[in-house]
Amino acid sequence: MLLSSFAIFTLSSKHQQKNIAFLLALSLLLPIFVFELMRFVSFYFQGEGFNARFFFHLSWNSLLEAGAAYLLLITAVIFLLSLFVVLIYQCTIRKIGKKIPYYFAISALPLCLLLNFALKEFVLLQFFPFGIANTSFDISKLQEMGLNPTALEKVELQASSGKNLVFIYLESLENIYLEEEIFPGLTPNIQQLANNGLRFTDIQQTPGTEWTIAGIFASQCGTPLVYGNSIISGNDIIQNGYLKHAVCLSDLLHQAGYKQYYIGGASVRFAGKSDFYKNHHYDQVLGYDELINELPDKTYKTGWGLYDDSLFTLSVQTFERLAKEEQLFNLTILTIDTHQPAKPSHSCSNYSALQNKTLDAVHCTDQLVNNFIKRISKHPAFKNTIVVLFSDHLAMMSRQKIFPPEYHRKLFFALLNGDKKGLNTRQGSHMDIVPTTLAALGIKHNAAFLAGNNLLATEPQKTLVDFKNAEVQQAIRHVNKNFFSKDYSLCQDNQLLLKMENSKSLRIGNQILSLSSAGIPATPQRYTKDLAILAYLDDSGKIENASSVHFNSLPYLLTRSKDSIFLLITPNKELPYGLDNFTVSEHGIKVLIGKFNGSIFSLGKFKNLHQLQIPGENCHAILQKTKIPTRKNHPQPKLDSLCIEKNQFAAHYDRKNKHLIIPKVALPDGLISSTLVKESEKYFSLHSFSPIKEEITKADNCIAYYVNNLLYIPSLLIKDGDNEKKIAPLEMKMILKHSYIFEIRKQDIDKL
């Protein structure tokens, strides 16, 4: 900048070619002046310099839409630009004031200092948008946490060939089932297989890996299945289009030329398994719907899908078919018999030491896995094949009855038919499975995984990641959202704001949202009855979260981001927090947009989702309108105000029998009644529950809510003999390692 001003000064002082001096001055100084004007406009609207929101709105359409509202500001900008051009003309052509060029030169130094950071900010935001959303996040902290910042870099994947892979996810089959002292004779075959291979003895379950699709994703992609501060059910994250950009095991195998098949007994539509595998280069994704016609007896099935004996029979055929093609392959299998409620295949013998369906199913899996490996080991291709046995997650419902209470539970992980044998005692997690598997296959690659390390490495183990640490969890959520997921926006497509894509999905801006509830596909008709779609937006229209939610969860969910813009597609029923002003008598759905400290208004009513179609030409104007407070503000959503009447209680606790009775709990996929029992000063266990089936006519405010492992009770009546008192609120968290055990907050201990 200093050199530019000096050149202008020289030309305007010594040369007689005034036109050249004017053009040079204009070309060099006008962009700087425009740059500073743009910064001024950014500060005027949002109180800060260049950011993603500014460039999102920097378009001709935005200027046209804003013209009427900000006519005075636009006039002022045009006037300043004209004045600046006149000033340059006077200094170069007319040469008014011989010392003026000196003033330009002197002013260049502080101007350079001022523009240094701003110019860098401008370049990053305008030309490297993938990184700009994360400039506020200190990436250097990732390494301190034990995470790998290299995983954030975009690289062209490279991978060499290796051995074939058979990866078997053993549903809920954890390490304890191999303990002879606890369950003698339960898994003799898997024990023998593991003893002949390499068994890992210290694999821990961590947050974001505790259910099937989460366990699969984390072990394939090296990061837990969590997304932002999300309202989204864990089983809906994948199928709603998030985390598509994570590099996973199958991406590298694809790069190395592998043919890849997934085969499982349950529907691949559940929890977005089909979306995940297809997005990451699987050639065939086979589930219940694709496999049922292959069975000789189509009635031989469970509530979840095919029995595992049928699954393994088809898996043998798939292995043999892949092996014939003389191409490297990856065969991924997911068992199902041990999924609750456990139902062992009919061809298996039961476990004789203890009468229990779960143990029968585990014993059956032991027999079927052994038979499968025996059969494929006879094929010549097996010599060049690595077999992975891995728990998808820890068992859920059975642990309270048959597990020793103090046992430290761990995942089962073994590599079979490889070069290494014995025990590996290094501590690991789901995230370490993918780099370890790649090493076992002998594949050289250039990928990095956020939270995964190679457990076969000979060098000392790196800093262990404390996945329970709140700062670490927030960092992982931030990376998953801003680096591994695509940005979606309500105003990205100027043609349509909302539209039904097909019977299975809905378009919100440029995001395709699957119609599902807690991972289970939902019919469009349910959105006129008990399901709603809730999306949170930032001020620029970027979709922060979007998901189907249960209608009865709305009073709780609307408080989660009460300062954000929300878009709500809901059954035409009575709503909380003053939103019932938009209720109409007709059956169908309604669409609301707004924010509680601004304006909330209707975008229309429709008979059903199929008729939903809202144009997007005025999208930015609509967003701008939500920020303007109305004369009559809507009540701020507060959870402690849900039970406003004296005789209203969301739960009852009897200190004598230590039972906490909750008549209604809103879950992501419905309503239940439940009873919890106090086990100690701060722990409750789930004693019983039962689903509630009733027609929903309005959002029932004074009930308990369970979302993302948190149980929230807005009002509680405590009975102590003849004495009663009301407290509000009470919050509990379900503990990771002990399913259906809830821990109350420290500040709530004395209340009970």
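Given the structure is predicted, the values throughout are model-derived calculations rather than measurements.

A. How the structure looks around helix 20 (residues 619-626). Among all positions of helix 20, only Cys-619, His-620, Ile-622, Leu-623 and Thr-626 are buried. For helix 20, the buried positions fall inside an angular range of 160 degrees around the axis, keeping them on one side.

B. View of the side chain of Gln-260. Assignment of secondary structure puts Gln-260 in strand 3 (residues 259-264). Judged by its relative accessible area of 0%, Gln-260 is buried. Engagement of the side chain of Gln-260 in a polar contact is seen with the backbone oxygen of Ser-250, the distance being 2.9 Å. Each residue touching Gln-260, except ones within four places of it in the same chain, is listed here: Ser-250, Leu-253, His-254, His-280, His-281, Tyr-282, Asp-283, Gln-284 and Asn-330.

C. Fine view of the confidence of the model for the chain. Averaged over the chain, the pLDDT score is 81; the fraction of residues at 70 or greater is 80%. The secondary structure element of the chain with the lowest average pLDDT is helix 7 (residues 129-132), at 34, and the one with the highest is strand 1 (residues 164-170), at 98. Long-range and interchain partners of residues 51-57, a stretch whose pLDDT sits below 50, account for 25 contacts in this model, where long-range means more than four residues apart. Low confidence marks residues 119-136, where pLDDT is under 50. Its contacts with residues over four positions away, or in another chain, come to 28 contacts.

D. How the structure looks around the packing of aromatic side chains. Under the definition given, this model contains 21 aromatic pairs. With centroids separated by 5.9 Å and ring planes inclined at 40 degrees, the aromatic side chains of Tyr-556 and Tyr-712 adopt a geometry described as tilted. Of this pair, Tyr-556 sits in helix 19 (residues 554-557) while Tyr-712 is found in strand 26 (residues 710-713), placing the two residues 156 residues apart along the sequence. Its relative accessible area of 7% is what places Tyr-712 among the buried residues. Aromatic ring contacts, followed pair by pair, group Phe-167, Tyr-169, Phe-200, Phe-390 and Phe-413 into a single cluster. The positively charged end of Lys-625 is found above the aromatic ring belonging to Phe-601, 4.4 Å away from the centroid.

E. Main features of the state of the cysteines. For the structure on display, the rule yields 3 disulfides. There is a disulfide in this structure between Cys-348 and Cys-364, and the S-S distance comes to 2.0 Å. Here the disulfide of Cys-348 and Cys-364 is right-handed, its torsion about the S-S bond being about 50 degrees. Remark: Cys-364 occurs in helix 15 (residues 357-376) and Cys-348 occurs in the loop between strand 5 (329-334) and helix 15; sequence separation between them is 16 residues. Of the two residues, Cys-348 and Cys-364, neither departs from the other in class, the shared state being buried. Residue pairing for Cys-491: its cysteine sulfur links by disulfide to Cys-619, the two sulfurs lying 1.8 Å apart. Of note, the bridge from Cys-491 to Cys-619 carries an S-S torsion of about -70 degrees and is left-handed in sense. Of this pair, Cys-491 sits in the loop between helix 18 (470-482) and strand 10 (496-502) while Cys-619 sits in helix 20, and the two are 128 residues apart along the sequence. Of the residues examined, Cys-491 reaches a relative accessible area of 5% and is grouped as buried.

F. Expanded view of the pairing of strand 15 (residues 531-537). The buried fraction of strand 15 is high, at 7 of 7 residues. Burial along strand 15 is two-sided: Leu-531, Ile-533, Ala-535 and Leu-537 facing one way and Ala-532, Leu-534 and Tyr-536 facing the other are all buried. Pairing of strand 15 with strand 16 (residues 543-550) involves 7 bridges; the strand directions are antiparallel. Looking at the pairing, Leu-537 lines up with Ile-543 of strand 16. With antiparallel pairing between neighbouring strands as the criterion, strand 15 and strand 16 make up a hairpin whose turn holds 5 residues, including Gly-541 at a positive phi of roughly 100 degrees. Here strand 15 pairs with strand 17 (residues 565-571) via 5 bridges, running antiparallel. By the bridge assignment for strand 17, Leu-534 is matched with Leu-568.

G. Broad picture of the sheet that holds strand 19 (residues 600-606). With respect to topology, 5 strands assemble into an open sheet ordered 16-15-17-18-19, the strand pairing being antiparallel. Every interior strand has two partners, whereas the edge strands, strand 16 and strand 19, have only one. Along the sheet, successive strands turn relative to each other by an average axial angle of 15 degrees, direction set aside. Judged from the 6 bridges that link them, strand 17 and strand 18 (residues 589-594) form a sheet pairing that is antiparallel. From the neighbouring strand, Thr-570 faces strand 18, where its bridge partner is Lys-590.

Criteria and cut-off values
- Residues numbered from 1 in each chain as written.
- Predicted model: local features only at pLDDT ≥ 70, side-chain atom pairs only at ≥ 80, totals over all residues.
- Heavy atoms only, no water.
- Buried < 20%, exposed > 50% of the residue type's maximum accessible area, 1.4 Å probe, protein only.
- Helix = DSSP H or I, 4+ residues; strand = E, 2+ residues; numbered from the N terminus.
- Arc of directions from axis to C-beta.
- Polar contact = N/O pair within 3.5 Å; in protein donor to acceptor, adjacent residues only side chain to side chain.
- Contact = heavy atoms within 4.5 Å.
- pLDDT = per-residue confidence, 0-100.
- Phe/Tyr/Trp six-rings, centres within 6.5 Å; stacked < 30°, edge-to-face > 60°.
- Lys NZ or Arg CZ within 6 Å of the ring centre and 35° of its normal.
- Disulfide = S-S within 2.5 Å.
- Pairing = 2+ DSSP bridges.
- Axes fitted to C-alpha atoms, helices over the stretch in contact; angles between N-to-C directions.

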